[in-house]
Amino acid sequence: MSTTYKLVALDMDGTVLNEEKHISERNRKAIADAIEAGVTVMFSTGRGVQSARPYIEDLGLKAPIVSVNGSEVWKSPDELHKRVLVSADTIHKLHALALEYGSWYWAYAVEGLFNKEKWLENIDELNWLKFGFYEEDAEKLAEIRRTVESWDLFEITNSHLSNIELNPKGISKGSGMIEVCKLLGITMDQVIAMGDSQNDLAMIRAAGLGVAMGNAQDEVKAAADLVTVTNDEDGVAAIIEEYVLGRTR
């Protein structure tokens, strides 16, 4: 088994991070052992690289990164490979929609993370990457989703059942992983991809081994090749130990 997979792509929240946003010792050891065995381990996350960086440094990862659901692909933690922006006009429209519904919202720009409590006047001066809505009223959330679908501008996913995440059309963790494979000179069938939410679906479907966490949304479990245990039960380590390191417990 150890020769088949050359890259392990990990979602962060709900996957490699437990519910306390920590990396368990078992996950940490499995990641280190995989790297020592010559396998690349990387994050493919909805977070901006600013927010992922402390964990990347903590694990000592030098690998590529797919951040902001694929809007950025990094060759290494310090070298950007590709970036796809959302126009400021579109951010204005999405912001207005969030205000209309009174929903919580957030957006990643190259310059930082902004949200309902920390917004800014000079939208036009920033380089935008992603916009998200959080809305616990399921009916409102569905209405927002229908509205943004009608604009036909976005790849629409979520990272939680109560949110919507919007990236430029065609941009996903799947498109990001294809870029990474080109950089590394490997193919998607040599990739293990693990995640728990809609924004992980594209990479889980495209990977040689697509893995849903035990805590994943039902739609993700249905699309995956297999389902591991939850993020609080070291599901990432369980897969790496078996499918990368050839160990069974």
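This text follows the structure it describes.
Computed from a predicted model, the values in this text were never measured in an experiment.

Criteria and cut-off values
- Residues numbered from 1 in each chain as written.
- Predicted model: local features only at pLDDT ≥ 70, side-chain atom pairs only at ≥ 80, totals over all residues.
- Heavy atoms only, no water.
- Helix = DSSP H or I, 4+ residues; strand = E, 2+ residues; numbered from the N terminus.
- Rg over C-alpha atoms; globule rule 2.2 N^0.38 Å.
- Buried < 20%, exposed > 50% of the residue type's maximum accessible area, 1.4 Å probe, protein only.
- Contact = heavy atoms within 4.5 Å.
- Lys, Arg positive; Asp, Glu negative; His and termini not counted.
- Charge placed at Lys NZ, Arg CZ, Asp CG, Glu CD.
- Pairing = 2+ DSSP bridges.
- Axes fitted to C-alpha atoms, helices over the stretch in contact; angles between N-to-C directions.
- 1 Å grid on protein atoms, 1.4 Å probe; cavity = no way out; pocket = protein on both sides within 12 Å on 5 of 7 lines; lining within 4 Å.
- Points joined across faces, edges and corners; volume = space filled by probe spheres on them.
- Nonpolar A, V, L, I, M, F, W, Y, C, P; charged D, E, K, R; others polar.
- Phe/Tyr/Trp six-rings, centres within 6.5 Å; stacked < 30°, edge-to-face > 60°.
- Lys NZ or Arg CZ within 6 Å of the ring centre and 35° of its normal.

Asks: An account of the overall build of the chain is needed here, citing residue identities and associated values.
Replies: Broken down by element type, the chain carries eight helices and 13 strands. Computed over its C-alpha atoms, the radius of gyration of the chain comes to 18 Å, within 12% of the 18 Å expected for a compact globule of 249 residues. For the chain, buried positions account for 55% of its 249 residues. A sequence separation of at least 24 residues applies to 56% of the contacts in the chain between residues at least 6 apart. Across the chain, the centroid of the 25 positively charged side chains sits 4 Å from that of the 40 negatively charged ones.

Asks: Describe the sheet that holds strand β8 (residues 128-134), naming the residues involved and giving the relevant values.
Replies: Read from one edge to the other, the open sheet built from five strands follows the order β7-β6-β8-β10-β9, with strand pairing classed as antiparallel. Looking at strand neighbours, the two that pair on one side only are β7 (112-115) and β9 (154-157), the edges of this open sheet. Ignoring strand direction, the axes of neighbouring strands in this sheet form an average angle of 20 degrees. The sheet contacts of helix α4 (residues 138-151) involve β8, β9 and β10 (163-168), and relative to β9 the element is tilted by about 160 degrees.

Asks: So, the environment of Ser76: which residues are in play, and what are the values?
Replies: If you trace the backbone, Ser76 turns up in strand β4 (residues 72-76). Between the C-alpha atom of Ser76 and that of Leu61, which follows or precedes it by 15 residues, the distance is 8.7 Å. Apart from residues lying up to four places away in sequence, Ser76 is in contact with Lys62, Ala63 and Pro64.

Asks: Tell me about the sheet that holds strand β1 (residues 7-10), and please be specific about residues and values.
Replies: Taken in spatial order, the five strands of this open sheet run β2-β1-β11-β12-β13, and their pairing is parallel. Strands with a single pairing partner mark the edges of an open sheet, and in this sheet they are β2 (40-43) and β13 (226-227). The pairing of β1 with β2 spans four bridges and is classified as parallel. Bridged to Leu10 within β2 is Phe43.

Asks: Which residues make up the layout of surface pockets, and what values go with them?
Replies: Taken as a whole, the largest pocket spans an internal volume of roughly 640 Å³. Considering the residues around the largest pocket, the lining is formed by 28 residues, among which Asp13, Lys21, Ser159, His160 and Asn163 are closest to the centre. The biggest single contributor to the lining of the largest pocket is strand β6 (residues 104-109), with three residues. Split by residue class, the lining of the largest pocket holds seven nonpolar, twelve polar and nine charged.

Asks: Describe in detail empty space enclosed by the protein, supporting the description with residues and values.
Replies: Here the structure, examined in full by the defined rule, presents one cavity of 30 Å³ or more. The calculated volume of the largest cavity comes to roughly 40 Å³. Along its surface, the largest cavity is lined by Asn69, Glu155, Thr157, Asn167, Ile171, Ser172, Lys173 and Asn199.

Asks: Please give an account of the packing of aromatic side chains that cites residues and values.
Replies: The description of two aromatic rings rests on the distance between their centres and on the angle between their planes. What the rule picks out here adds up to seven aromatic pairs. An angle of 80 degrees between the planes, with centres 6.3 Å apart, marks the rings of Trp119 and Phe131 as edge-to-face. Separated by twelve residues along the polypeptide, Trp119 in the loop between β7 and β8 and Phe131 in strand β8 bring together distant segments of the chain. A relative accessible area of 1% places Phe131 in the buried class. By way of ring pairs, the aromatic residues Tyr105, Phe114, Trp119, Trp128, Phe131 and Phe133 are connected into one cluster. The cationic tip of Lys93 hangs over the ring face of Trp151; the distance from NZ or CZ to the ring centre is 4.2 Å.

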